[in-house]
Amino acid sequence: MTMEATRYDDGSITYPGHPRGPGGTEPVETVDLSEYTAEVVTWTTSTATPPGVREPNHLAIVEFDVEGESVRAIGQLTTGDVETGDEVRPVHVDELREPGAGIREPESQEWDGSRFEPV
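Residues numbered from 1 in each chain as written. Predicted model: local features only at pLDDT ≥ 70, side-chain atom pairs only at ≥ 80, totals over all residues. Heavy atoms only, no water.

Read from one edge of the open sheet, five strands run S6-S5-S4-S7-S8, paired in antiparallel fashion. Only two strands of the sheet have a single neighbouring strand rather than two, namely strand S6 (69-76) and strand S8 (113-118). Neighbour-to-neighbour, the strand axes of this sheet turn through a mean angle of 35 degrees, independent of strand direction. Relative to strand S7 (residues 87-93), strand S4 (residues 38-46) runs antiparallel, the two being bridged by two bridges. Each bridged residue has a counterpart across the sheet, and for Glu39 the counterpart in S7 is Glu87. (Pairing = 2+ DSSP bridges. Helix = DSSP H or I, 4+ residues; strand = E, 2+ residues; numbered from the N terminus. Axes fitted to C-alpha atoms, helices over the stretch in contact; angles between N-to-C directions.)

Approximately 300 Å³ is the volume found for the largest pocket. Forming the walls of the largest pocket are 17 residues, and the residues nearest its centre are Tyr15, Leu96, Asp112, Gly113 and Ser114. Going through the elements one at a time, S6 and S8 are the ones with two or more residues in the lining of the largest pocket. Per-class residue counts for the lining of the largest pocket are nine nonpolar, five polar and three charged. (1 Å grid on protein atoms, 1.4 Å probe; cavity = no way out; pocket = protein on both sides within 12 Å on 5 of 7 lines; lining within 4 Å. Points joined across faces, edges and corners; volume = space filled by probe spheres on them. Nonpolar A, V, L, I, M, F, W, Y, C, P; charged D, E, K, R; others polar.)

Below you can see the structure in the form of structure tokens.
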């Protein structure tokens, strides 16, 4: 499973991708962030989570260095045992939340994604 960021005409990269880059330029390719490691910029633990989300829910803002371009992402951590500055990598999980919880039809959503795991 990939964690796709988007590179634009001007060389900038965002995650997630958008129809236009930060400088208003067109997307030109995707970059698989799962091939890179990232550094934890900051993290927190939520103990009051939405229906179907694990409790406690450990979250982090991480920063990838992709060929000199900084790419930040926010996501769940696999553990609360992290510190700012730790190196993490994206790992695929089948369910980021319980499909049966909440008000949306489970078949209408994608439930898989990436969590960040300490290296």
